[in-house]
Amino acid sequence: MGSGAFALVLALALAACVSPAERKCLLSGSWRSDTGCRMVVSVLGEDGRFSGSYLPGPAAGDSEIPTSPLEGSQQDAGLVPQPTFSFTVHWRLQGSEAARTTAFLGQCYVGTNGEETLHALWLLREAADSPAEDWKATRIGTSVFTRIK
């Protein structure tokens, strides 16, 4: 066996020995949630900050919501292989003065099969007309995102 073939076999063997916990999980790229939402993290800076876009899925029940910007930060993946993250989405609503913001907080995991998933808790806040209406202005939920290949 030539030295090039040996190096390839050695590299493949070493890659197979890396446990899922040692594989790094990065947010950059395209993701789909368990409710059909799509997220694209287009810029991931060296400091962990990122930006991108978010498009709600059919579960949102509002076809008038276009793609909206998102901004957030990810824990340093160089320090931990499965980092925590947070991001906000400031919804752009067509033909509406209503304000909505969603904050996501979660962790990026690498499964035994090498697939990355994002598990997130979210808070959706809508503008309330008065303090008396404040009680119904916040919703809470969870989402699981998988990478779109």
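Summary of the structure given here. This structure is a prediction, so every number in the text was calculated from the model and none was measured.

## Regarding the pattern of salt bridges
Across all of its chains, the model carries seven salt bridges by this definition. Linking Arg100 and Glu126 is a salt bridge whose minimum nitrogen-to-oxygen distance equals 3.1 Å. Placement of Arg100 in strand S6 (residues 100–110) and of Glu126 in strand S7 (residues 116–126) is noted, with a sequence separation of 26 residues between them. Assessed through its relative accessible area of 18%, Glu126 is described here as buried. One network of salt bridges, in which partners are shared, links Arg100, Glu126 and Arg139.

## Regarding the environment of Pro69
Summarising the element assignment, Pro69 is placed in strand S4 (residues 68–74). Look at Pro69 and you get partly exposed, because its relative accessible area is 30%. With 17 residues separating them along the chain, Pro69 and Gly52 place their C-alpha atoms 5.9 Å apart. Among all residues touching Pro69, those that are not within four sequence positions of it are Gly52, Ser53, Thr88, Val89, His90 and Arg92.

## Some points on the state of the cysteines
Enumeration over the complete set of coordinates arrives at one disulfide. Linked covalently through their sulfurs, Cys25 and Cys108 form a disulfide whose S-S length is 1.6 Å. Here Cys25 and Cys108 share a disulfide; its torsion about the S-S bond, -50°, makes the bridge left-handed. In this pair, Cys25 is assigned in the loop between helix H1 (3–16) and strand S1 (29–33) and Cys108 in strand S6, connecting sequence segments 83 residues apart.

## Points about the nonpolar core
Ranked by internal contacts, the top residues of the largest apolar core, which has 22 residues, are Met39, Tyr54, Phe87, Leu118 and Phe145. Looking at this core, the elements that each hand over two or more residues are strand S2 (38–44), strand S3 (49–55), strand S5 (84–90), S6 and S7.

## Some points on the environment of Thr67
Along the chain, Thr67 falls in the loop between S3 and S4. Under the relative-accessibility criterion, Thr67 is labelled partly exposed at 37%. Taking C-alpha positions, Thr67 is 5.5 Å from Tyr54, a pair spaced 13 residues apart along the chain. Here Thr67 is in contact with Ser53, Tyr54, Leu55 and Arg92, once residues within four sequence places are set aside.

## What about the packing of aromatic side chains?
With the rule as written, the count across this model stands at seven aromatic pairs. For the ring pair Phe104 and Phe145, a centre distance of 6.3 Å and an interplane angle of 65° mean the geometry is edge-to-face. With Phe104 in strand S6 and Phe145 in strand S8 (residues 138–147), this pair connects stretches of sequence that are 41 residues apart. Relative accessible area serves as the criterion here: at 4%, Phe104 is assigned to the buried category. Grouping aromatic residues by their ring pairs yields a cluster made of Phe50, Tyr54, Phe85, Phe87, Trp91, Phe104 and Phe145.

## Some points on the sheet that holds S2
Taking strand neighbours around the barrel as the criterion, the eight strands line up as S1-S2-S3-S4-S5-S6-S7-S8 in a closed arrangement whose pairing is antiparallel. Each strand of the sheet is rotated relative to its neighbour by a mean of 30°, with strand direction disregarded. As paired elements, S4 and S5 share five bridges and run antiparallel to each other. Paired with Ser73 across the strands is Ser86, a residue of S5.

## Some thoughts on the pairing of S4
Residues Ser68, Leu70, Gly72 and Gln74 line the buried face of S4, whereas the alternating positions Pro69, Glu71 and Ser73 sit on a face that is not buried. As defined by bridge partners, S3 adjoins S4 across six bridges and the pair is classed as antiparallel. Looking across to S4, one finds that Ser51 is bridged to Glu71.

About the thresholds
Residues numbered from 1 in each chain as written. Predicted model: local features only at pLDDT ≥ 70, side-chain atom pairs only at ≥ 80, totals over all residues. Heavy atoms only, no water. Salt bridge = Lys/Arg side-chain N within 4 Å of Asp/Glu carboxyl O. Helix = DSSP H or I, 4+ residues; strand = E, 2+ residues; numbered from the N terminus. Buried < 20%, exposed > 50% of the residue type's maximum accessible area, 1.4 Å probe, protein only. Contact = heavy atoms within 4.5 Å. Disulfide = S-S within 2.5 Å. Core = buried A, V, L, I, M, F, W, Y, C linked by side-chain atoms within 4.5 Å. Phe/Tyr/Trp six-rings, centres within 6.5 Å; stacked < 30°, edge-to-face > 60°. Pairing = 2+ DSSP bridges. Axes fitted to C-alpha atoms, helices over the stretch in contact; angles between N-to-C directions.

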